[in-house]
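Here is what each chain is made of, one letter per residue.
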Amino acid sequence: MSAETPAAEPGQFTHRRLQFRAWRGARPFWAGLYVLLSGLPIMYFPYFHLQLGHLTLAMATTAGAGSLIIGVLLIVLGVSLWFQKHVRTFAGVAAILLALVSLPVSNFGGFIMGFLLALVGGAMAVAWVPGAEPQPEPPAGPGPAEGAAPEAAPLPSQAADEVSESYDLSGTSPANEANGRHSAG
């Protein structure tokens with residue numbers, strides 16, 4: 001490739017990757033991923049059977065159904081963080097609470113892996129704030145220090161034939177711009 005070679009048009013892969021990047025940047029993506037992944041070890045380990053030769057170790061606990069419910073709820077919260085970003089605070093707090101409940105219920109929160117993923121993901125969801133839209137910059141012009149005269153603000157027009165007396169004692173007349181609100185003093 002030489003310097004004279006024209007740049008290639010972005011292909012379908014590049015276009016989709018840029019679309020995914022824009023989608024990912026507009027929501028708490030990593031928080032949702034951590035919360036979603038935290039549900040997997042919490043759900044899996046209570047139903048896990050380890051084979052050591054002819055010996056079977058069952059990790060099942062009496063609260064296997066509780067582990068399944070906690071894991072499914074964490075997965076649902078992770079997906080909701082991706083597709084409903086306005087519930088981020090609720091989903092983050094719920095993920096943290098479910099992580100704490102998973103400690104006694106689900107083999108120490110999926111052997112601490114699910115517990116830590118849910119705590120980190122929930123904290124990231126609570127802390128995430130949507131980015132501000134970029135503000136257009138004002139056109140460059142002479143500033144007040146550069147010798148430009150400050151512009152005077154236009155005064156509201158007042159009609160000469162307007163009656164200065166008002167018989168409205170409530171203070172809600174549109175003439176005094178109260179709009180139904182009363183002042184305390």
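This text follows the structure it describes.
Keep in mind that this is a model prediction, so the values were computed, not measured.

Draft legend 1. Structural view of the pairing of strand S1 (residues 49-52). Bridge count for S1 against strand S2 (residues 55-58) is four bridges, and the pairing is antiparallel. Note on S2: the bridge partner recorded for Gln51 is Thr56. Two successive antiparallel strands, S1 and S2, enclose a turn made up of two residues, where Gly53 displays a positive phi of approximately 70°.

Draft legend 2. Looking closely at the environment of Phe83. Here Phe83 lies in helix H3 (residues 64-83). Among the residues examined, Phe83 registers a relative accessible area of 56% and is labelled exposed. The spatial distance from the C-alpha of Phe83 to the C-alpha of Trp23 is 10.0 Å, given a sequence separation of 60 residues. In this structure, Phe83 is in contact with Trp23 and Arg27, ignoring residues within four places of it in sequence.

Draft legend 3. Representation of the packing of helix H4 (residues 88-105) against helix H6 (residues 113-127) within the structure. The N-to-C vectors of H4 and H6 enclose an angle of 160°; their axes lie 7 Å apart at closest approach. Taken as axis vectors, H4 and H6 run roughly antiparallel relative to one another. Here the hand of the crossing between H4 and H6 comes out left-handed. Contacts from Arg88, Thr89, Gly92, Val93, Ala95, Ile96, Ala99, Leu100, Ser102 and Leu103 in H4 reach Phe115, Ala118, Leu119, Gly122, Ala123, Ala125 and Val126 in H6. Looking at the contact of H4 with H6 residue by residue, the class counts come to 12 nonpolar, four polar and one charged.

Draft legend 4. Region of the structure containing H3. With 20 residues, H3 extends 29 Å between its outermost C-alpha atoms, agreeing within 8% with the 28 Å of an ideal straight helix rising 1.5 Å per residue. Within H3, the full set of buried residues consists of Gly64, Ser67, Ile70, Gly71, Leu74, Leu77, Gly78, Ser80, Leu81 and Trp82. Summarising the contacts, the buried residues of H3 are in contact with helix H1 (12-25), helix H2 (29-44), H4 and H6.

Draft legend 5. Focus on unusual backbone geometry. Residues other than glycine seldom take positive phi values, yet Ile112 does so here, at roughly 70°. Tracing the backbone through its elements, the reader meets Ile112 in the loop between helix H5 (107-111) and H6.

Draft legend 6. Structural view of the nonpolar core. Counting residues in each nonpolar core, the largest one holds 15 residues, and the members touching the most others are Val35, Ile70, Leu74, Leu77, Leu81, Ala95 and Leu98. Elements supplying a minimum of two residues to this core: H2, H3, H4 and H6. Sort the elements by how many residues they give to this core and H4 lands first, with five residues. Contact partners of Leu74, with chain neighbours within four places excluded, come to Val35, Leu36, Ser38, Gly39, Ile42, Ala95, Leu98 and Ala118.

Draft legend 7. The arrangement of a nonpolar patch on the surface in detail. Side chains of Tyr47, Leu68, Val72 and Val76 sit close together on the surface and give an oily, nonpolar patch of about 350 Å² of accessible area. Here Tyr47 shows up in the loop between H2 and S1. According to the relative accessible area criterion, Tyr47 is partly exposed, its value standing at 45%.

Draft legend 8. Inspection of H2 at higher detail. The end-to-end C-alpha distance of H2 is 23 Å, a good match for the 22 Å that 16 residues give at a rise of 1.5 Å each. For H2, the full list of buried residues reads Phe29, Ala31, Gly32, Val35, Leu36, Ser38, Gly39, Pro41, Ile42 and Met43. Buried positions along H2 lie against H1, H3, H4, H5 and H6.

Reading the values: rules and limits
Counting restarts for each chain: residues are numbered from 1 in the order of the written sequence. Only residues with pLDDT of at least 70 get local features here, since the model is predicted, and only at 80 or more are side-chain atom pairs given and counted; chain-wide, interface and lining totals rely on the full set of residues. Each side-chain value is derived from all of the structure's non-hydrogen atoms; neither hydrogens nor water enter the calculation. Strands pair, by our definition, only if DSSP identifies at least two bridges between them. For the purposes of this entry, the term helix denotes a DSSP run of H or I that reaches at least four residues, the term strand denotes a run of E that reaches at least two, and both are numbered from the N terminus. When accessible area is computed with a 1.4 Å probe and restricted to protein chains, residues below 20% of their type maximum are described as buried, those above 50% as exposed, and intermediate ones as partly exposed. Throughout, a contact is declared for two residues whenever any of their heavy atoms are within 4.5 Å. Angles shown run from 0 to 180 degrees and are taken between the N-to-C directions of axes, each axis being a line fitted to C-alpha atoms and, for helices, limited to the stretch in contact. Roughly parallel here means an angle under 35 degrees, roughly antiparallel means over 145, roughly perpendicular means 65 to 115, and every remaining angle is called oblique. Definitions for this section: a left-handed crossing has its near helix turned counterclockwise from the far helix by less than a right angle. A right-handed crossing has that turn clockwise. Each residue gets one of three labels, nonpolar for Ala, Val, Leu, Ile, Met, Phe, Trp, Tyr, Cys and Pro, charged for Asp, Glu, Lys and Arg, and polar for the others, Gly among them. Expected span, for any helix, means 1.5 Å times one less than how many residues it has. Joining through side-chain atoms within 4.5 Å is the link that ties buried Ala, Val, Leu, Ile, Met, Phe, Trp, Tyr and Cys residues into a set, and such a set is a nonpolar core. By definition, no residue in a patch forms a salt bridge, and every one has over 30% relative accessible area; like charges are joined within 9 Å, nonpolar side chains (Val, Leu, Ile, Met, Phe, Trp, Tyr) within 5 Å. Here the open area of atoms and residues is found with the Shrake-Rupley method and a 1.4 Å probe, where only the protein chains shown may cover a residue. Take a side-chain nitrogen of Lys or Arg and a carboxyl oxygen of Asp or Glu: if they are within 4 Å of each other, that pair is a salt bridge.

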